[in-house]
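One-letter residues, chain by chain:
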Amino acid sequence: MAEFEKMNLASANLVAERIEQLKQLLPEVATEGGIDFDKLRLVLGDEVDEGNERYAFTWPGKTDAIRQSQTPSMATLRPCPEESVDWDETENLCIEGDNLEVLKLLQHSYHGRIKCIFIDPPYNTGTDFIYPDSFGDTIEHYREQLNLGKQSNADTSGRFHANWCSLLYPRLRLARELLSEDGVILITIDHVEFANLKKLCDEIFGENCFAAHLAWRSSDSSNNNALSFSEDFNDVLVYCRTPGWRPNFLNDPEKRKHYKNPDNDPRGPYYDGGDVSNPGVRPNLQFDITTPSGNVIKHPANGWRWSRERMDEMFKTGELRFSPDETRVIKRRYLADMKGLPPSTLLIDLNKTGHTRAAKYELKALFPELPVADLFSTPKPTALMKYLLELVVDRDCIVMDFFAGSGATADAVMKFNTESQFCVSCISVQIPEPVGDGNNAFNSIFDMCRERIKRAGEQISARRTDNLQLPIDGTSEREVDTGFRVLKLDESGIERPKPGELLLDVVKPDRSDEDIIFEMMLKWGLELTLPIEKVEAAGYPCYSVAYGELVCCLADGLNMQVLDAIADMEPRRVLMLDRILDDTTKLNAVQAFKRVEEKTGREVELRTV
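What counts as what
- Residues numbered from 1 in each chain as written.
- Predicted model: local features only at pLDDT ≥ 70, side-chain atom pairs only at ≥ 80, totals over all residues.
- Heavy atoms only, no water.
- Helix = DSSP H or I, 4+ residues; strand = E, 2+ residues; numbered from the N terminus.
- Expected span 1.5 Å × (residues − 1).
- Buried < 20%, exposed > 50% of the residue type's maximum accessible area, 1.4 Å probe, protein only.
- Contact = heavy atoms within 4.5 Å.
- Salt bridge = Lys/Arg side-chain N within 4 Å of Asp/Glu carboxyl O.
- Pairing = 2+ DSSP bridges.
- Axes fitted to C-alpha atoms, helices over the stretch in contact; angles between N-to-C directions.
- Phe/Tyr/Trp six-rings, centres within 6.5 Å; stacked < 30°, edge-to-face > 60°.
- Left-handed = near helix turned anticlockwise from the far one by under 90°.
- Nonpolar A, V, L, I, M, F, W, Y, C, P; charged D, E, K, R; others polar.
- Core = buried A, V, L, I, M, F, W, Y, C linked by side-chain atoms within 4.5 Å.

Draft legend 1. Up close: helix α8 (residues 191-205). If you check α8, its first and last C-alpha atoms are 21 Å apart, about what 15 residues at 1.5 Å a residue would give, namely 21 Å. Where α8 is concerned, the buried positions are E193, N196, L197, L200, C201, D202, I204 and F205. Elements in contact with the buried residues of α8: α7 (160-178), β7 (179-189), β8 (210-217) and β9 (233-240). Positioned one or two residues after α8, G206 has a phi angle of 100 degrees, which is positive.

Draft legend 2. Inspection of the pattern of salt bridges at higher detail. One pass over the structure, following the stated rule, counts 45 salt bridges. Put simply, K298 and D288 hold a salt bridge, and the shortest N to O gap is 3.4 Å. Of this pair, K298 sits in the loop between β12 (296-297) and α10 (308-317) while D288 is found in the loop between β10 (270-274) and β11 (289-290), placing the two residues ten residues apart along the sequence. Owing to a relative accessible area of 29%, D288 belongs among the partly exposed residues under this scheme. Two residues, D505 and R579, come together in a salt bridge whose shortest N-O distance is 3.6 Å. Taken together, the positions of D505 in the loop between β18 (485-490) and α16 (513-524) and R579 in the loop between β22 (573-576) and α18 (583-600) put the pair 74 residues apart, joining distant regions of the chain. We classify D505 as partly exposed; its relative accessible area is 37%. Taking relative accessible area as the criterion, R579 reaches 35% and is therefore assigned partly exposed. Beyond isolated ion pairs, a larger network of salt bridges with shared partners links R78, D490, D510, R511 and D515.

Draft legend 3. Seen up close, the sheet that holds strand β23 (residues 605-608). In space, the six strands of this open sheet follow the order β1-β23-β22-β21-β20-β19, with mixed pairing throughout. Only two strands of the sheet have a single partner each, and these edge strands are β1 (5-6) and β19 (532-537). With four bridges connecting them, β22 and β23 associate as parallel partners. Across the sheet, M576 pairs through a bridge with T608, a residue of β23. In the packing of α16 onto the sheet, the strands contacted are β19, β20 (540-545), β21 (550-553), β22 and β23, and the crossing angle to β20 comes to about 40 degrees. Packing of helix α17 (residues 560-568) onto the sheet brings it into contact with β19, β20 and β21, and relative to β19 it is tilted by some 135 degrees.

Draft legend 4. Quick look at the environment of P243. Relative to the helices and strands, P243 resides in the loop between β9 and α9 (253-256). Each C-alpha atom, one on P243 and one on E207, is 9.2 Å from the other, the two residues being 36 residues apart in sequence. In contact with P243, not counting residues within four places along its chain, are N208 and C209.

Draft legend 5. Up close: unusual backbone geometry. For Q421, which is not glycine, the phi dihedral falls at a positive 65 degrees. Residue placement: Q421 occurs in the loop between α14 (408-420) and β17 (425-430). On the basis of relative accessibility, which here comes to 23%, the residue Q421 falls in the partly exposed class. Unlike most non-glycine residues, Y547 shows phi in positive territory, near 55 degrees. Relative to the helices and strands, Y547 resides in the loop between β20 and β21.

Draft legend 6. Broad picture of the packing of aromatic side chains. This model, assessed by the stated rule, comprises eleven aromatic pairs. An angle of 65 degrees between the planes, with centres 6.2 Å apart, marks the rings of Y270 and Y334 as edge-to-face. Of the two residues, Y270 sits in strand β10 while Y334 sits in strand β14 (residues 329-334), which places them 64 residues apart along the sequence. Of the two residues, Y270 and Y334, both sit in the buried class.

Draft legend 7. Representation of the packing of α7 against α8 in the model. Running from N to C, α7 and α8 point in directions that differ by 35 degrees, and their axes come no closer than 10 Å. In this structure, α7 meets α8 at a crossing whose hand is right-handed. Taking contact as the criterion, the partners of F160, H161, W164, C165, L168, Y169, L172, R173 and R176 in α7 are, on α8, V192, E193, N196, L197, L200, C201, E203, I204 and F205. When grouped by side-chain class, the residues that make up the contact of α7 with α8 number twelve nonpolar, two polar and four charged.

Draft legend 8. A look at the nonpolar core. The biggest cluster of nonpolar side chains holds 144 residues, and the ones touching the most others in it are L77, L106, L172, I427, L528, L558 and F593. Per element, the largest residue contribution to this core is ten residues, and it comes from α7. Setting aside residues up to four positions removed in sequence, L77 forms contacts with I95, V102, L105, L106, L487, K488, L489, F518, L522 and L528.

This is the structure in structure tokens:
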């Protein structure tokens, strides 16, 4: 009797993947049970730190925080087309749920796919709610969280910083796995946890992946009532997935004004301020230079950036020249050679990167019916995020925010696409935390987030309709995606039989076909924005994801004629319910899909639940 492989309902097991990678890299340390650590230490030789004293960053609860990131999730994401916008067309996702579980569930589908992650996590004020994670979280525990509302993280608990570190650590570890090789994460924070966040990121991403520490002027005016200093800025930490990442350079008119052409240089505007010293110590480049008048110019401390021969050539072409008093070597940088200018770590132009007050105005404009007290106290302006997107994203890529809050990141992405003609998609994740005292028009922060994205999209669409015009080159303007698919965290829709129990139907009675399809897409690693259509194969109703990437057979009535019709679709993956299969059907399925393999040269993956 043919037996098909059962669908694995767990999220990606990152520990198992790491072990397999280690076995591939160092096969000699592999054992039947896992890794021989004694042999691993021998292989690594002198690189193993066996001392009792070493620098380490730790806190009470770190071990559990690590385990949190390693424990696979058995949950799922359920589709909610009725709460979505442009369900069939959109590439954006708006996900309700605890971001720890959601990040685990997205590992199969989006591992190494996210270009930019922007998060504005809860600041540790002592009263901000802290996600009360515990090792071995279940969906039931997640539901309990929603009834807890805001929890005090009082300093008297003795774990003021520890609780915050335990919140961020597992989420950042999972976030790193989602970043593409050229991906970047940007995290806003204030002074209270800045030092700890820097250490967390150094450990998770690596010190060599630290890209920048940006200072964003968040206030448009100083606080004259401050008891000490007026705190007028927030920090933004930037880390890359792979060392060596560089931001997109900017065509900043403010910086371009430094480039002038007073002597009518035929190469155009220039700036006599290029660095001529070597960034590292280079003894072979430490030589003196004699000017035409015989003056001797000493080398910089580290040496010149170029060899003597190269510098002689650069003097001849005019790239290098002497100062009028012949005491300095000047590097001329031409505007024509610049692909843009490096962005500054100081974000102080309020017109360019906005401020907190402007962010509140944005929210109030979108939610005129809400009193100011019900709006977020420290929202981030879309101007800030649009500026950061300009530094990071490509024309077609994915941005994620798993502390989505009011939905400002998704709002900014839509505006950015409108202005740039890019096609950046956004994944927003927000826990349905209760809003205020319960008298708010919205039941949860997630509901407010979803509504903000909807209203912001409607405004963009309305403006585009009112101002519709063709670009100068006559090409059609790219349509901006202002929709989103809503998905919600829940328990798996598949019952797991207890030992000795026989279940004829493992699909829970409260689940729709669409619920099961999305769970299979998650577990099989398919993007959650792929098109889904209900099709007929020889009169049999089934579902096709991405035109045959996955075909789901969930109804009774499978026979050889139906299986042949499905095989004619040349699917890559096929899911069938166990309850609709008998021995004959299984044999027929093997024969039908064997023909697909013979025709296409690839095996059809068959799974059952």
